[in-house]
Structure formats: C-alpha cells, structure tokens
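# Observations on chain architecture
So you can see what is in the structure, the chains are spelled out below.
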Amino acid sequence: MQSSPKNRFHRRTWLAAAGYWTGGLAAGCRFSHAGPPRVDKVWGRRGISPGRLQRPRAIAIDDHQELYIVDITGRIQVFDRDGRLLRYWRTPAIERGKPVGLAIGLGRRLLVADTHYHRLLVYTHRGKLLKSRTIGGTEGTGPGEFGFVTDSVQTSDGCLYVGEYGQNDRIQKFDPKGAVVTQWGGHGGGVGQFRRPQSLKLGPDGHLWVADACNHRIQIFDIDYEPARLVSVWGTPGPNPGELQFPYDFAFDGRGHIFVCEFGNQRIQQFTLSGEPVSVWGTPGRAPGQLSRPWGIVVDPSLRFYVLDTYNHRVQRLRL
C-alpha cells in the first residue's frame, strides 16, 4: 500500500529574489499552471497588539471567507482576505501552552485544538465559547481522554474526528453529542500509525486526509468504516522535490491537486491526489515569496492560497 512519489520532473524553473517555482510533469500528469504563483498580498507584523502576529500557528477560513488565525499569545484573530482585522478574542488559559489547530465546523463554529489543555474548544464565529460543546479536558490514554490535541474535522452528520500526539498519537471519533465512537492509530511509523497527526481534513473523495507530520507523509482513511480503514499512504522524508519534511498542513484546490505546507523544508509543494509531485514553491528567507517555518495553508473559492509564514509573523497570499 505504501507508494513513493516520483521525483522525475520535466523541469521549468523560475528563480528570483522572491523565491522559486519548479513546475513540471509527474508521469501521466498535466501541469495546469502557465507560470509561477504570484504573491499578490503580504500582511502582518510582529507584535502583540491587535492585528499583529506573534508566530501564528494555525489558520482556517469559513464560508464567508473570513480568516481565523491563532498565534503563540493564545489570541484568535479574525481577518478579511486583505488582512484587515475584524475581531479577536483569547482562549481561556495559556500557561501550559497554546493552541496549534483550527478548523471550521458546522454552523460556522470554530473548533480550536487547545493542545496543552487536552481538549477541543468550540466557539461561535463571533468568539463566544460554547462550554457545553467542549470535548475532552482530561489528560490520559482512555477513550475521550487526550494527550496533546492537534486538529479536528467535523462531518456533515455532526461527528468529530480529533487528532492528538504525545501519549497516544491517534485519532478519536465522537458522535454529535460528544460521546466516543471509536479510535485508531498508535505511535509508530507503520501504516495506520502516527507520529504527530498535525492536520486533519476531509478530501474531495470524502476520505479523511491526515498530515502525519513526523513520519513525513500523508495518510488517507475511509471513514465509512468503524474504525476507519487505511486507503493510501504516500510521502518519503527528504529535501528533494516530491519528498516531505514535517508537513504541517495542506489544502485542496478543487482541481485534483493538494498543496502541502512543509515546516521543515520551508516551502509549499503541489501534488496530485495520488501523491505524484507536480511543483514546488518557496525558499527560506524574509522577502515576499520566501518562507520561514510555515505552519498553515488555506485556499479560498478564487483559488487564492493563504500561507501562514510563521517565523516571519505574517500571511502571504498567492494567486495561481
């Protein structure tokens, strides 16, 4: 079931101070873009005052195209697509650590992986904490308990899938009332195991896609089964095109591609949904188009990607 991305490219390379784009054709794949992505907006400045960012760690976009960003101060700030601050609030406590995951649930609710408090917080889009909807809060390995919560995703029937690392390295499923349904995973490098399942998303195929960050790969599960069944695994560790180094997040373009944000390689890679490499964007640095330890990526309906350029304390918007 394991497959390795192919690293043979018919290369076309664009180089500039702002970064690089290595576009090409994986075998049997048609390259769909005529040129490099254009950085059409860069916003954010380091700081703790409203509207500024301090090492932002997670990003989500809702169906109103508002961007939710959490940083290491424990603030959740909401911006429009041009970086204008709309509102903000703080999570209840940050002494033990800060959230590392955000997702949009049903009814435009914001799901916050309150990582070091072993729980999933649920907010309205206006920032009201729905305490009765909190999942977890107890550290442990039993059903409904958590190690360090990373991310979550909610399906159309209201069920929640929550990832965690540390003691467990697993995914737990909860029903709409918050009761545990099933779990799977376990710490390790075998298929179906995890080393920090950092990002969870539903793919266009209806499967659950997981960025298995410290195994440097993507795992895909069929959640029509209890527990979920592994469908595919792809990704190998390394710095070359088609390889991955700490993939922390990813986004789908709705056109048969996935864009993977690599914390380790400090770049964005484009793959087909079967894991065939297509193109690479970004180099380490501070100029527009360069990245420093990026944590997150989302896409809007206009195919503009928003990259959380974490150690540069900013967001870069790319148009393909």
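Provided above is the structure to which this section pertains.
Right, let's walk through the structure included here.

## Points about the pattern of salt bridges
- Counted under the stated rule, the structure contains 17 salt bridges.
- Arg-108 serves as the salt-bridge partner of Asp-62, at 2.8 Å between the closest nitrogen and oxygen. One end of the pair, Asp-62, is in the loop between strand 5 (58-61) and strand 6 (67-70); the other, Arg-108, is in the loop between strand 9 (101-104) and strand 10 (110-114), and 46 residues separate them in sequence.
- Take Arg-108: its relative accessible area is 15%, and that puts it in the buried class.
- A salt bridge links Arg-217 to Asp-212; its shortest N-O distance comes to 2.7 Å.
- Judged by its relative accessible area of 4%, Arg-217 is buried.
- Sharing partners across several salt bridges, the network here consists of Asp-40, Asp-80, Asp-82, Arg-84, Arg-317 and Arg-319.

## Quick word on unusual backbone geometry
- Of note, the amide linkage connecting Glu-226 to Pro-227 takes the cis form, showing an omega dihedral of -10°.
- Mapped onto the elements, Pro-227 comes out in the loop between strand 19 (217-222) and strand 20 (229-234).
- In this model, Gln-65 sits at a positive phi of 60°, which is unusual for a non-glycine residue.
- Note that Gln-65 resides in the loop between strand 5 and strand 6.
- One non-glycine residue, Leu-303, lies in the positive phi region at around 60°.
- Here Leu-303 is to be found in the loop between strand 27 (296-299) and strand 28 (304-309).
- Under the relative-accessibility criterion, Leu-303 is labelled buried at 11%.

## With respect to the environment of Ala-211
- Mapping Ala-211 onto the fold places it in strand 18 (residues 208-212).
- The class for Ala-211 is buried, based on a relative accessible area of 0%.
- A sequence separation of 37 residues divides Ala-211 from Tyr-248, and the C-alpha atoms of the two residues are 6.3 Å apart.
- Contacts of Ala-211, omitting those with residues within four sequence positions, involve Arg-196, Pro-197, Gln-198, Ser-199, Arg-217, Ile-218, Pro-247, Tyr-248 and Phe-250.

## Considerations on the side chain of His-118
- Counting through the fold element by element, His-118 comes out in the loop between strand 10 and strand 11 (119-123).
- Note on His-118: relative accessible area 5%, which makes it buried.
- Among the polar contacts made by the side chain of His-118, one reaches the main-chain carbonyl oxygen of His-116 at a distance of 3.4 Å.
- Looking at His-118, its side chain comes within polar contact range of the main-chain oxygen of Gly-147, at 2.6 Å.
- In contact with His-118, other than residues within four places in its own chain, are Arg-96, Ile-135, Gly-136, Gly-137, Thr-138, Glu-139, Phe-146, Gly-147, Phe-148 and Val-149.

## Regarding the environment of Asn-265
- Within the secondary structure layout, Asn-265 lies in the loop between strand 22 (257-262) and strand 23 (267-272).
- With relative accessibility at 16%, the residue Asn-265 sits in the buried group.
- Sequence separation of Asn-265 and Pro-247 is 18 residues, and the distance between their C-alpha atoms is 8.7 Å.
- Asn-265 has contacts with Gly-238, Pro-239, Glu-243, Leu-244 and Gln-245, leaving out every residue within four places of it along the chain.
- There is a polar contact of 2.6 Å between the side chain of Asn-265 and the side chain of Glu-262.

## Notes on the pairing of strand 17 (residues 197-202)
- Two elements, strand 17 and strand 18, share 5 bridges in a ladder whose sense is antiparallel. By the bridge assignment for strand 18, Pro-197 is matched with Asp-212.
- In this antiparallel pair of consecutive strands, strand 17 and strand 18, the connection spans 5 residues, and Gly-206 shows a positive phi of 85°.

## Focus on the packing of aromatic side chains
- Scanning the entire structure with this criterion turns up 15 aromatic pairs.
- For the pair Trp-43 and Phe-79, a centre-to-centre distance of 4.8 Å together with 45° between the ring planes defines the contact as tilted. Separated by 36 residues along the polypeptide, Trp-43 in strand 4 (residues 38-43) and Phe-79 in strand 7 (residues 75-79) bring together distant segments of the chain. The same class applies to Trp-43 as to Phe-79, namely buried.
- Judged by centre distance (5.8 Å) and plane angle (55°), the ring pair of Phe-194 and Phe-221 falls under tilted. Placement of Phe-194 in the loop between strand 16 (180-185) and strand 17 and of Phe-221 in strand 19 is noted, with a sequence separation of 27 residues between them. Across the pair, Phe-221 and Phe-194 agree in class, each one buried.

## Describing the sheet that holds strand 29 (residues 314-319)
- One open sheet accounts for 4 strands, arranged 4-29-28-27; its pairing is antiparallel. Edge positions in the sheet fall to strand 4 and strand 27, since each has one partner strand and no second. Averaged over neighbouring strand pairs, the angle between their axes works out to 20° when direction is ignored.
- Two strands pair when backbone bridges link them, and strand 28 and strand 29 are joined in this way by 6 bridges, in the antiparallel orientation. Bridging from a neighbouring strand, Val-307 pairs with Gln-316 of strand 29.

Thresholds, definitions, all that
Within any chain, residue numbers begin from 1 and follow the written order of that chain's sequence. Local features in this predicted model are restricted to residues of pLDDT 70 or higher, and side-chain atom pairs are both shown and tallied only at a pLDDT of 80 or more, whereas totals for entire chains, interfaces and linings draw on every residue. Where side-chain values are given, they derive from all heavy atoms of the structure, hydrogens and water being excluded. What makes a salt bridge here is a side-chain nitrogen of Lys or Arg within 4 Å of a carboxyl oxygen of Asp or Glu, nothing more. Labels follow the DSSP assignment, with helices taken as runs of H or I lasting at least four residues and strands as runs of E lasting at least two, numbered in each case from the N terminus. Relative accessibility under 20% of the residue-type maximum defines a buried residue, over 50% an exposed one, and the middle range a partly exposed one, all with a 1.4 Å probe and only protein chains included. Residues are treated as being in contact if the distance between any of their heavy atoms lies within 4.5 Å. Two N or O atoms count as a polar contact when they lie within 3.5 Å, although within protein this holds only if one can serve as hydrogen donor and the other as acceptor, and sequence-adjacent residues are included solely when both atoms are side-chain atoms. Two strands pair under a simple rule: DSSP has to find at least two bridges between them. Only centres within 6.5 Å qualify two rings of Phe, Tyr or Trp (six-membered ring in Trp) as a pair; their planes then separate them into stacked at under 30 degrees, edge-to-face at over 60, and tilted for everything else. Between N-to-C directions, angles span 0 to 180 degrees; the directions come from axes that are lines fitted to C-alpha atoms, helices contributing only their stretch in contact.

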